[in-house]
Amino acid sequence: MAKTIIEKIWDQHVVYEEQGKPDLLYIDLHLLHEVTSPQAFEGLRLAGRKVRRPDLCFATMDHNVPTRNLPTINDPIAKKQITTLEKNCEEFGIELAHMEHPDQGIVHIIGPELGLTQPGKTIVCGDSHTSTHGAFGAIAFGIGTSEVEHVLSTQTLWQSKPKTMEIRINGKLGFGVTAKDVILAIISKFGIDVGTGHIAEYTGEAIRSMTMEERMTICNMSIEAGAKAGLISPDETTIEYLRGRRHVPEGEAFEEAAEQWLSLASDEGASYDTVLEINADEIEPFVTWGTNPSMGSGISAQVPSAEDFENESDKEALKKALAYMGLEEGTPLTKIEIQHVFIGSCTNARLSDLRAAAEVIDGQKVHPNVTAIVVPGSRTVKRQAEEEGLDKIFLESGFEWRESGCSMCLAMNDDVVPAGERCASTSNRNFEGRQGAGSRTHLMSPAMAAAAAISGRFTDVREMKLAHA
Ligand SMILES: CC(C)[C@H](C(=O)O)[C@@H](O)C(=O)O
Ligand code: SF4
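Residues numbered from 1 in each chain as written. Chains lettered and ligands numbered in written order. Predicted model: local features only at pLDDT ≥ 70, side-chain atom pairs only at ≥ 80, totals over all residues.

## Observations concerning the overall build of the protein chain
Looking only at helices and strands, one finds 16 helices and 19 strands in the protein chain. Taken against the 2.2 N^0.38 rule, which gives 23 Å for 469 residues, the C-alpha radius of gyration of the protein chain at 21 Å falls within 12% of a compact globule. Relative to its 469 residues, the protein chain shows a buried fraction of 54%. Pairs at least 24 residues apart make up 77% of the contacts formed inside the protein chain by residues separated by at least 6 positions. (Helix = DSSP H or I, 4+ residues; strand = E, 2+ residues; numbered from the N terminus. Rg over C-alpha atoms; globule rule 2.2 N^0.38 Å. Buried ≥ 20, exposed ≤ 12 C-beta atoms within 10 Å, placed from the backbone. Contact = placed C-beta atoms within 7 Å.)

## Description of the environment of H442
Along the chain, H442 turns up in strand 19 (residues 440–443). What makes H442 buried here is the crowd of 25 C-beta atoms within 10 Å. Along the backbone, H442 and I169 are 273 residues apart, and their C-alpha atoms lie at a distance of 24 Å. Apart from the residues lying within four places of it in its own chain, the contact partners of H442 are V287, T288, W289, R422, C423, A424, S425 and N430.

## Side note on the pairing of strand 19
Alternating residues of strand 19 divide into R440 and H442 and T441 and L443, and every residue in both groups is buried. The sheet contact formed by strand 18 (residues 422–425) and strand 19 spans four bridges and is parallel. Counted as the bridge partner of R422 is R440 from strand 19. (Pairing = 2+ DSSP bridges.)

## Some words on the site of ligand 1
Within the structure, ligand 1 sits among V35, T36, H63, D127, S128, H129, G142 and L410. When grouped by side-chain class, the residues that make up the shell around ligand 1 number two nonpolar, five polar and one charged. (Near = placed C-beta within 6 Å. Nonpolar A, V, L, I, M, F, W, Y, C, P; charged D, E, K, R; others polar.)

## Here we look at the UniProt feature "binding site: [4Fe-4S] cluster" (unreviewed entry) in the protein chain
Per the UniProt entry, the sites bearing "binding site: [4Fe-4S] cluster" (unreviewed entry) are C346, C406 and C409 in this numbering. Spanning 64 residues, the named residues form one tight spatial group whose C-alpha atoms are at most 8.8 Å apart. Along the polypeptide, C346 turns up in the loop between strand 15 (340–343) and helix 12 (351–361). Residue contacts for C346: discarding those within four places in its chain leaves I106, H108, I109, H129, T132, N220 and G377. Checked against the element boundaries, C409 lands in the loop between strand 17 (400–401) and strand 18. (UniProt positions renumbered as here; feature names shortened; annotations may be inferred.)

## Some remarks on the domain arrangement of the protein chain
Interfaces are often sized by the amount of accessible area the parts lose when they come together. Taken as a whole, the protein chain is organised into domain 1 (5–262) and domain 2 (299–467). Averaged C-alpha coordinates put domain 1 and domain 2 at centres separated by 25 Å. Taken residue by residue, the interface counts 33 residues in domain 1 and 31 residues in domain 2. Elements with a contribution of two residues or more to the side of domain 1 that touches domain 2: helix 4 (107–113), helix 6 (179–190) and helix 8 (212–220). At four residues, helix 4 tops the list of elements feeding residues into the side of domain 1 that touches domain 2. (Domains from an automatic or database assignment.)

## With respect to the sheet that holds strand 4 (residues 57–60)
On the basis of which strands lie adjacent, the open sheet formed by five strands has the order 5-4-3-6-7 and parallel pairing. At either end of the open sheet lies a strand with only one pairing partner, and these are strand 5 (95–97) and strand 7 (139–142). The mean angle between the axes of side-by-side strands here comes to 20°, regardless of whether they run parallel or antiparallel. Of the strand pairs in this sheet, strand 3 (residues 29–32) and strand 4 are connected by three bridges, and their pairing is parallel. Considered in strand 4, the bridge of L31 is made with F58. (Axes fitted to C-alpha atoms, helices over the stretch in contact; angles between N-to-C directions.)

Quick look at the structure:
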């Protein structure tokens, strides 16, 4: 029978099953960071247990790390989490990319970079955006701290088999439209709960022509559509990205692995519990205007009005969101002014994202009302960007060029948007207070954020690109 990649990987990892109960799944890779691991290690210690497979674990520091004046951490809670992770990794024998290690970075950026993330693996991390790793054709999802402890001690996890979903993106993307616009358009069209109980596979021509970095942006936000995980069947693009990376097999063994990885792709004719479709040519550069990632529109639209919605609860949600965001119904999106720009996060802080932003800047200056920062997703991204001179492009235009970490994505560190101010952000969440108490977040692509930095308001990057062509 034709199977989806989701079923193939799942079936290969079930170590115990019983009718009517969750399956016990083997976990191939466990990624850790400083925020969700301390109690898990403490639990092991109290129970006198060891980590079963430290060689299948990898830890980094990302949420709390400062992005300047390293290694000074001002916040005592942040400092404690950092030193605790250091101690735990040493005691339990887990490899750690500490704050100043050359491999340090946001957990979802360094897994792929180091070749730890591979097709066919089950990958977990105490972090909801673990779905990013699904771009390689892996089942990758976030887990809670008690599950982190379970995986540390047994290398397995109890999981109910999710339903399968296909999200097909038909056709080719238009000029100036990026992976971020695609995933924001999908969430806007289908809502933040559509994926509940499912693992989603993204398919279609637009996905096939994307690079691995673009595919990671798509899979990263699966959780914002409510899905447990999101993934993409491996193809030659996947294989070429992985070739030569540190943790993948070498030589003949790589060719064998590649063949096996390609065989995981969903079979022709495999069926899914749910199928959603969107046409690439209906997608414009996107920005969010509200307080969840589905509250967004193409840049040529206006902030919606209550009359655009049929049911009362949607009208109420709109009013509440606009009150928090300080926006009026019907305002053209290109009239909205911003005070901050954040180019960073596990959604959009890889090398290609920084290149896309730098290309838009193209010798222009950051608007005088705007504070703009670039936070590379990892130290490797930072080094590579500097080798290409991207840091100079950003610095000369007036951006700050920071050290890698989660930074302003969630303001668990010193990088905070002040109350009442607006930030054009390449991250993935725009909830109330996400970038600091009272902060107002607008999600968009790196190119759109760069365009906003220059003009001080939301701008259709396609026009800016044409003007500079
Ligand atoms: C801190 C962590 C648990 C959290 C997550 O799970 O996603 C964070 O990374 C986020 O993006 O909100
Ligand atoms: S960059 Fe943001 S979304 Fe990603 S792991 Fe860090 S806090 Fe979470």
